[in-house]
Amino acid sequence: MPIYKIRGVDVDFPYEAYDCQLVYMEKVIQALQEKSNALLESPTGTGKTLCLLCATLAWRKSLGGFSTCRSERSGSHMGSKLSDGPLSQSEPSNLPTIIYASRTHSQLRQVIQELKRTNYRPKMVVLGSREQLCIHEEVSLLRGRTQTNACHSLCKKRTKRYCSHFPRVAEFMKENPNLGDEPIDIEELVNIGKSCGPCPYYVSRELHKVADIMFAPYNYLIERGNRKSLSVRWNGSILIFDEAHNLESLCADAASFDLSSWILTACISEAKNCIDLAIARRDNSNDKSCNPDDFAILRALLLKLEKRIAEVPIESKDLGFTKPGPYIYELLADLNITYKTATMLIGTIEEAALLLEEGANVADNEGPRKMKGIVCRLESMGDFLKLIFRDGGKSHAGYYRFHIQEVEASDTAAFKGKASRTLSWWCFNPGLAMDSFSELGVGSIILTSGTLSPLDSFAHEFKLEFPIRLENPHVISANQIWVGVVPSGPSGYAFNSSYRSRDLVEYKLELGNAIVNFARIVPDGLLVFFPSYYLMDQCIGCWKNMNPTNFTNSSTVWERICKYKQPVVEPRQSSLFPLAIDDFMTKLKDSSTSGAVFFAVCRGKVSEGLDFADQAGRAVVVTGMPFAPRTDPKVRLKREYLDQHTQSNQIGSKFTIALCMVKKVESRESAPPQTVGMRLLPTTSLKLVVLTGEEWYSQQASRAVNQAVGRVIRHRHDYGAIIFCDERFAYPSRQSQISLWIQPHIKGYSKFGEVVFTLTRFFRDGATRGPTKLELTGSEDHG
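The shown structure was predicted, so the numbers you read here are calculated from the model rather than taken from an experiment. (Residues numbered from 1 in each chain as written. Predicted model: local features only at pLDDT ≥ 70, side-chain atom pairs only at ≥ 80, totals over all residues. Heavy atoms only, no water.)

Draft legend 1. Examining the overall build of the protein more closely. Helix and strand counts for the protein come out as 27 helices and 22 strands. Each of the 783 residues in the protein was classed as buried or not, and the buried ones make up 55%. If you take every contact in the protein between residues at least 6 apart in sequence, the share linking residues at least 24 apart comes to 79%. Surface accessibility of the protein: about 34,200 Å² in total, with carbon and sulfur atoms responsible for 51%. (Helix = DSSP H or I, 4+ residues; strand = E, 2+ residues; numbered from the N terminus. Buried < 20%, exposed > 50% of the residue type's maximum accessible area, 1.4 Å probe, protein only. Contact = heavy atoms within 4.5 Å. Areas by Shrake-Rupley, 256 points an atom, 1.4 Å probe, with all protein chains shown as cover.)

Here it is, written out as structure tokens:
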């Protein structure tokens with residue numbers, strides 16, 4: 001394997017590296033050496049993951065050898081101790097730990113496959129939840145906190161139904177000190193547990209304490225509770241978020257909550273059950289460990305909260321009731337819920353969860369198996385209070401908005417047809433989650449993806465400095481991609497999916513006729529993305545039921561599309577999505593047709609994590625700008641939040657610039673002692689970076705487009721077309737937000753005939769571009 005000297009570090013790379021790969025690895029090493037944060041965009045197919053692993057591990061190896069056999073020493077200290085909290089790490093290394101996070105375990109599985117391609121063999125571990133790792137025949141059937149509580153219960157020696165897998169962990173770790181020296185994924189860890197007996201979950205929890213590199217889903221790092229359970233030496237560590245294009249929304253959601261009427265009602269019911277259970281224990285067995293008065297106080301407070309939410313005046317269902325974030329403390333203080341009393345309530349809630357679990361076990365001698373459907377809603381109330389009173393302070397409340405909305409419940413039987421209210425406390429500063437890592441002393445945070453553009457707004461959202469940035473080109477040649485803006489259809493009617501024209505029959509028929517032409521020209525797989533499910537349903541309904549007036553035959557647009565491609569429509573329900581994918585691949589492989597067309601939605605499942613390489617996706621059509629609904633309360637309040645902060649930042653920045661100018665003059669004239677050592681920035685470097693609500697709104701739509709068009713051109717030998725069917729894509733401001741590697745290839749067409757001619761020629765020449773394969777998998781990056 002070739003070895004490249006990059007910034008003084010020898011990088012062992014498994015292939016001859018492209019120029020863009022060398023640049024990417026240089027940026028990674030620069031960030032690590034300078035302990036800086038980095039935003040790195042590199043298109044799928046450029047070997048991003050492989051470059052990231054090789055560069056990071058080469059830098060880490062340059063500091064000292066990887067860990068070996070330390071898991072044996074830590075295993076001897078484990079004994080039968082049960083803890084999800086930090087356990088002491090034996091002989092911890094002073095070298096930095098690498099934490100590699102991605103969205104899902106399937107993506108992490110692919111990352112580990114890439115690690116196997118390299119010559120680097122750090123001590124590694126993949127962290128997973130009990131849902132992925134538990135092998136107990138009954139507990140493995142459970143989910144969420146019910147599963148966690150059952151696991152804790154069965155791992156206590158005093159119970160009759162003691163888990164047989166847990167006590168085998170210590171001995172197994174002692175006998176297998178080399179575990180993790182070779183890359184191992186979750187499935188392999190589970191297989192070890194099934195064949196050798198130790199609990200895979202607790203094996204991974206032990207192994208992560210001595211690992212050089214740890215792989216984990218995002219939520220293990222973003223959610224405070226999960227993060228605190230990790231035994232990681234955070235100071236100086238390296239934190240990598242791969243596939244980070246949705247990280248801002250995930251961070252904001254993790255710091256927010258929604259408390260609906262039906263959840264609150266369920267909590268009140270559970271509190272009443274706890275009162276009854278505690279009284280029954282006291283009367284039947286003189287067990288006074290649980291005080292029914294505590295649960296009575298909890299129930300009374302929940303009833304008051306329910307009443308208070310119901311009494312809030314809502315003048316408009318669209319606008320709801322909105323207050324600044326700190327209002328939550330005012331509302332709770334009226335119920336006598338403060339930081340001090342909240343701590344007591346959280347303790348009562350944790351006691352209630354155990355009582356309900358034990359009560360279920362007493363009622364059912366079968367054990368945890370029958371607890372499958374039992375979920376303790378009170379625990380969500382505990383999370384609610386922990387979030388509000390985090391760290392005992394209120395400063396974070398300024399990043400929030402308090403909102404109560406009234407809707408007609410339709411998904412819950414008890415509330416169906418009734419007005420239901422939801423209390424929301426929404427965080428609009430994703431950087432709140434990242435602040436925690438700065439406080440922990442993390443050395444570098446690297447955010448990377450194939451679609452991060454536009455980078456400025458991404459950095460602004462996290463309120464972090466990202467001095468190292470990269471927007472990499474692709475490794476393909478110009479003849480492998482066709483990108484065109486199609487402002488009008490075959491009859492010259494303008495394409496514009498805005499609310500002013502999207503419901504017009506003329507627009508829908510014109511778009512349908514254009515897609516008929518694309519289905520005829522594009523070989524194999526065609527992807528068509530709509531801005532929303534509403535517009536997709538409206539268009540397909542029109543195409544099925546109406547005949548174009550300029551055609552004499554009786555065929556509908558839908559029938560003409562089906563003549564060239566067998567259609568598949570993305571379902572709204574996530575549970576039906578795997579069936580739709582299987583249907584698409586079956587139709588694609590059908591030799592009696594010329595391919596298949598997948599009608600999907602921007603921000604949907606098709607646009608996110610799937611790899612439509614080669615024949616699976618020869619072209620992608622984007623039918624409009626996927627703007628989020630302006631009337632959505634969360635979108636509206638986010639825009640207002642950004643506008644308010646923009647205004648205050650502009651005032652504050654003007655003051656800062658004026659102050660720096662004064663300091664600069666003072667330093668030149670007299671250099672007083674108090675300014676010695678102060679870094680005086682030149683006024684030209686004081687760039688005012690703000691993001692208005694409208695800019696954020698627009699850039700979110702552009703990022704969704706970039707995600708959708710990223711489904712094609714998945715490796716260096718692939719080829720395909722990107723077709724923008726909306727006249728707004730012709731605007732320079734819109735094109736500037738498209739991924740940088742696509743921009744040089746964008747060409748505008750004034751006539752639809754030109755589109756048909758050049759696109760036909762592009763695919764006619766495509767037959768000479770080399771062999772193709774037919775597969776559809778999760779996202780992959782190969783060198």
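Draft legend 2. Structural view of the nonpolar core. Counting residues in each nonpolar core, the largest one holds 98 residues, and the members touching the most others are Phe215, Phe241, Leu247, Met434 and Leu447. Examining the composition of this core, we find that nine residues originate from one element, helix 2 (residues 48–63), more than from any other. When sequence neighbours within four positions are dropped, the list of residues in contact with Leu247 reads Tyr218, Ile222, Phe241, Met434, Leu447 and Phe462. (Core = buried A, V, L, I, M, F, W, Y, C linked by side-chain atoms within 4.5 Å.)

Draft legend 3. Structural detail: the packing of aromatic side chains. For the structure on display, the rule yields 28 aromatic pairs. Ring centres of Phe321 and Phe402 lie 6.4 Å apart, and the angle between their planes is 85°; this geometry places the pair in the edge-to-face category. Of this pair, Phe321 sits in strand 9 (residues 321–324) while Phe402 sits in strand 10 (residues 400–408), and the two are 81 residues apart along the sequence. Comparing Phe321 with Phe402 shows no difference in burial state: the two are buried. Consider the rings of Phe530 and Trp543, whose centres lie 6.1 Å apart with planes at 45°: the pair is tilted. Taken together, the positions of Phe530 in strand 15 (residues 524–530) and Trp543 in helix 21 (residues 533–545) put the pair 13 residues apart, joining distant regions of the chain. Judged on exposure class, the residue Phe530 and its partner Trp543 are both buried. Between the NZ or CZ atom of Arg500 and the centre of the ring of Tyr499, over which it lies, the distance is 5.6 Å. (Phe/Tyr/Trp six-rings, centres within 6.5 Å; stacked < 30°, edge-to-face > 60°. Lys NZ or Arg CZ within 6 Å of the ring centre and 35° of its normal.)

Draft legend 4. Representation of the pattern of salt bridges within the structure. The tally for this structure, following the rule as stated, stands at 28 salt bridges. Ionic pairing is found between Arg121 and Glu182, a salt bridge with its closest N-O pair at 3.1 Å. In this pair, Arg121 sits in the loop between helix 4 (105–117) and strand 5 (124–126) while Glu182 sits in the loop between helix 7 (168–175) and helix 8 (186–196), placing the two residues 61 residues apart along the sequence. On the basis of relative accessibility, which here comes to 27%, the residue Arg121 falls in the partly exposed class. Residue classification places Glu182 among the partly exposed positions, given a relative accessible area of 49%. Through salt bridges that share partners, Lys48, Asp242 and Glu243 make up one connected network. (Salt bridge = Lys/Arg side-chain N within 4 Å of Asp/Glu carboxyl O.)

Draft legend 5. The arrangement of the side chain of Arg636 in detail. Within the fold, Arg636 resides in helix 24 (residues 633–669). Residue class for Arg636 comes out buried when judged on its relative accessible area of 16%. Here the side chain of Arg636 touches Leu319 through a polar contact of 3.1 Å, landing on its backbone oxygen. The residues touching Arg636, leaving out its near neighbours within four places in the chain, are Asp318, Leu319, His403 and Arg630. (Polar contact = N/O pair within 3.5 Å; in protein donor to acceptor, adjacent residues only side chain to side chain.)

Draft legend 6. Seen up close, the sheet that holds strand 21 (residues 746–748). Reading across from one edge, 16-17-15-19-20-14-21 is the order of the seven strands in this open sheet, with parallel pairing throughout. Each of the sheet's edge strands pairs with one partner strand only, and the pair in question is strand 16 (566–569) and strand 21. Adjacent strand axes in the sheet meet at a mean angle of 20° when their direction is disregarded. Against the sheet, helix 25 (residues 693–709) makes contact with strand 15, strand 19 (619–622) and strand 20 (720–724), and its axis sits at roughly 155° relative to strand 19, the strand it touches most. (Pairing = 2+ DSSP bridges. Axes fitted to C-alpha atoms, helices over the stretch in contact; angles between N-to-C directions.)

Draft legend 7. Examining the environment of Leu189 more closely. Relative to the helices and strands, Leu189 is located in helix 8. Leu189 gets classed as buried once you look at its relative accessible area, which sits at 7%. Sequence spacing of Leu189 and Leu133 is 56 residues, and the spatial spacing of their C-alpha atoms is 7.9 Å. Beyond its immediate stretch of four places on either side in the chain, Leu189 contacts Leu133, Ile184, Pro200, Val203 and Ser204.

Draft legend 8. The arrangement of the sheet that holds strand 8 (residues 257–260) in detail. With respect to topology, four strands assemble into an open sheet ordered 8-11-10-9, the strand pairing being antiparallel. Both outer strands of the open sheet, strand 8 and strand 9, are each paired with one neighbouring strand and no more. Strand after strand, the sheet turns through a mean of 15° between neighbouring axes, direction not considered. Looking at chain direction, strand 8 and strand 11 (residues 419–427) are connected through four bridges and run antiparallel. The residue of strand 11 that forms the bridge with Asp258 is Ser424. Across the sheet, helix 13 (residues 261–285) is in contact with strand 8 and strand 11; its angle to strand 8 comes to roughly 70°. Contacting strand 8, strand 10 and strand 11, helix 14 (residues 292–311) runs over the sheet at an angle of about 95° to strand 11.

Draft legend 9. How the structure looks around unusual backbone geometry. Notably, Lys463 is not glycine yet its phi reads approximately 55°, a positive angle. The topology assignment puts Lys463 in the loop between helix 19 (455–462) and strand 13 (468–471). Relative accessible area serves as the criterion here: at 41%, Lys463 is assigned to the partly exposed category. You will see that Arg603, though not glycine, has its phi angle at about 75°, which is positive.

Draft legend 10. Molecular detail of the side chain of Ser702. Following the sequence through the fold, Ser702 ends up in helix 25. Classification of Ser702 by relative accessible area gives buried; the value is 1%.

Draft legend 11. Layout of the packing of helix 13 against helix 17 (residues 378–388). It is the contact of helix 13 with helix 17, at a shortest axis distance of 8 Å, that shows an interaxial angle of 115°. The angle between helix 13 and helix 17 places the two elements in the roughly perpendicular class. Contacts from Ile263, Leu264, Cys267, Glu270 and Ala271 in helix 13 reach Leu378, Ser380 and Met381 in helix 17. Taken together, the residues of the contact of helix 13 with helix 17 sort by class into six nonpolar, one polar and one charged. (Parallel < 35°, antiparallel > 145°, perpendicular 65-115°, else oblique. Nonpolar A, V, L, I, M, F, W, Y, C, P; charged D, E, K, R; others polar.)

Draft legend 12. Spotlight on helix 14. Taking 1.5 Å of rise per residue, the 20 residues of helix 14 would be expected to cover 28 Å, and the 29 Å separating its terminal C-alpha atoms lies within 8% of that figure. Those residues of helix 14 not exposed but buried are Pro292, Phe295, Leu298, Leu301, Leu302, Leu305, Arg308 and Ile309. In this structure Asn291 caps helix 14, since a side-chain oxygen of it lies 2.9 Å from the backbone nitrogen of Asp293. (Expected span 1.5 Å × (residues − 1).)

Draft legend 13. Spotlight on helix 2. Spanning 16 residues, helix 2 covers 23 Å between terminal C-alpha atoms, matching the ideal 22 Å at 1.5 Å per step. Helix 2 sits mainly inside the fold: 13 of its 16 residues count as buried.

Draft legend 14. Local environment of the pairing of strand 13. What you see with strand 13 is a clean split: Ile468 and Leu470 sit on the buried side and Arg469 and Glu471 on the side with no burial. With four bridges joining them, strand 3 (residues 38–41) and strand 13 adopt parallel strand pairing. Counted as the bridge partner of Ala38 is Ile468 from strand 13.

Draft legend 15. Layout of the pairing of strand 10. The sheet contact formed by strand 9 and strand 10 spans four bridges and is antiparallel. Looking at strand 10, one finds that Phe321 is bridged to Ile404. Examined bridge by bridge, strand 10 and strand 11 share nine bridges and lie antiparallel to one another. Bridge pairing in strand 11 places Glu406 opposite Arg421.

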